[in-house]
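One letter stands for each residue in the lines below.
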Amino acid sequence: MIGKGTARPAMARGFTVLEVILALSALAILFAIGFTYWRPPRAQIYASSVRNLVLQARFEAIRRNEPVVISWEEDEREFVVRLAGSDDWCGAPREEIARSNAAELGRLTVTTTVVGNGSLVWVPSGQARSCARSPFNEDFADIEDGSESRRIVIGSAGKVEIL
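Given the structure is predicted, the values throughout are model-derived calculations rather than measurements.

Moving on, we get to the overall build of the protein chain. When helices and strands are counted, the protein chain shows 2 helices and 9 strands. Secondary structure elements in the protein chain, listed N-terminal to C-terminal, are α-α-β-β-β-β-β-β-β-β-β. Counting across all 163 residues of the protein chain, residues that qualify as buried make up 33%. Across the protein chain, contacts joining residues at least 24 apart in sequence account for 54% of those joining residues at least 6 apart. Accessible surface, the protein chain: about 10600 Å² in total, of which carbon and sulfur atoms supply 56%.

In structure tokens, the structure reads:
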């Protein structure tokens, strides 16, 4: 016989809604803090963007069967891809194909060999040349963000790497 003095049955085991909400909130805060440290440095982000731009320019030269010029425009702080002029590759570029702006990522230092007449030209064979039509120097650009530094190198066979 069960009377007034009997103990209640043990509480059901598990978590309350409040405990679950508190645990998820703590995990969300830790994730947000960790995510800011995990984000790749700006130098890596821009180097990847420039590498893709250079590869796109090479592809366009092969696809269009025309030389394509990549140059650095210091005033705008960006690399620009254009179709080369008909006779003088770097004299009077024609249609613009693409851009990659360093200013969008904040304070980056870009040092490159493709300023003015030192532009990189992809020829339809997929080879890199200078405006003087000689083989292109392998160092394309150095990108620094204050804490990280990346170098973009173009190999003789047209391979583009980030070091």
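A separate point is the environment of valine 69. With respect to the helices and strands, valine 69 occurs in strand S1 (residues 68–73). The spacing of valine 69 and isoleucine 97 is 28 residues in sequence and 9.7 Å in space, taken between C-alpha atoms. Sequence-distant contacts of valine 69, that is, excluding residues within four places in its chain, are made with Val80, Val81, Arg82, Ala84, Trp89, Cys90, Ser119, Leu120 and Val121.

This paragraph deals with the pattern of salt bridges. According to the stated counting rule, one finds 9 salt bridges in the structure shown. Among the salt bridges present, the one from arginine 64 reaches glutamate 95, with a minimum N-O distance of 3.5 Å. Here arginine 64 is found in helix H2 (residues 42–64), whereas its partner glutamate 95 is found in the loop between strand S2 (78–83) and strand S3 (96–101), with 31 residues between them in sequence. Given a relative accessible area of 26%, arginine 64 falls into the partly exposed group. You can call glutamate 95 partly exposed: its relative accessible area is 43%. Within this structure, Glu60, Arg63, Arg64 and Glu95 form a network of salt bridges that share partners.

Attention now goes to the pairing of strand S8 (residues 149–154). Here 5 bridges tie strand S7 (residues 139–144) to S8, and the two strands are oriented antiparallel to one another. Its bridge partner lying in S8, isoleucine 143 is registered against arginine 150. Where S7 folds back on S8, the antiparallel hairpin that results is connected by 4 residues, among which glycine 146 adopts a positive phi of roughly 105°. By the bridge criterion, 3 bridges tie S8 to strand S9 (residues 160–162) in an arrangement that is antiparallel. The residue bridging isoleucine 152 from the neighbouring strand is isoleucine 162, located in S9.

Reading across from one edge, S3-S2-S1-S5-S6 is the order of the 5 strands in this open sheet, with antiparallel pairing throughout. Whereas interior strands pair on both sides, the edge strands pair on one side only; in this sheet they are S3 and strand S6 (128–130). Across the sheet, the mean angle separating the axes of adjacent strands is 25° when strand polarity is ignored. With 3 bridges connecting them, strand S5 (residues 120–122) and S6 associate as antiparallel partners. Bridge pairing in S6 places leucine 120 opposite serine 130. On top of the sheet, H2 reaches S1, S2, S3 and S5; it is set at about 170° to S3, its chief contact.

In this section: H2. Between its first and last C-alpha atoms H2 spans 32 Å; for 23 residues at 1.5 Å apiece the expected length is 33 Å, and the two agree. Within H2, burial applies to Ala43, Tyr46, Ala47, Val50, Leu53, Val54, Ala57, Glu60 and Ala61. Count one or two residues on from H2 and you reach asparagine 65, which has phi positive near 60°.

Analysis parameters
Residues numbered from 1 in each chain as written. Predicted model: local features only at pLDDT ≥ 70, side-chain atom pairs only at ≥ 80, totals over all residues. Heavy atoms only, no water. Helix = DSSP H or I, 4+ residues; strand = E, 2+ residues; numbered from the N terminus. Buried < 20%, exposed > 50% of the residue type's maximum accessible area, 1.4 Å probe, protein only. Contact = heavy atoms within 4.5 Å. Areas by Shrake-Rupley, 256 points an atom, 1.4 Å probe, with all protein chains shown as cover. Salt bridge = Lys/Arg side-chain N within 4 Å of Asp/Glu carboxyl O. Pairing = 2+ DSSP bridges. Axes fitted to C-alpha atoms, helices over the stretch in contact; angles between N-to-C directions. Expected span 1.5 Å × (residues − 1).

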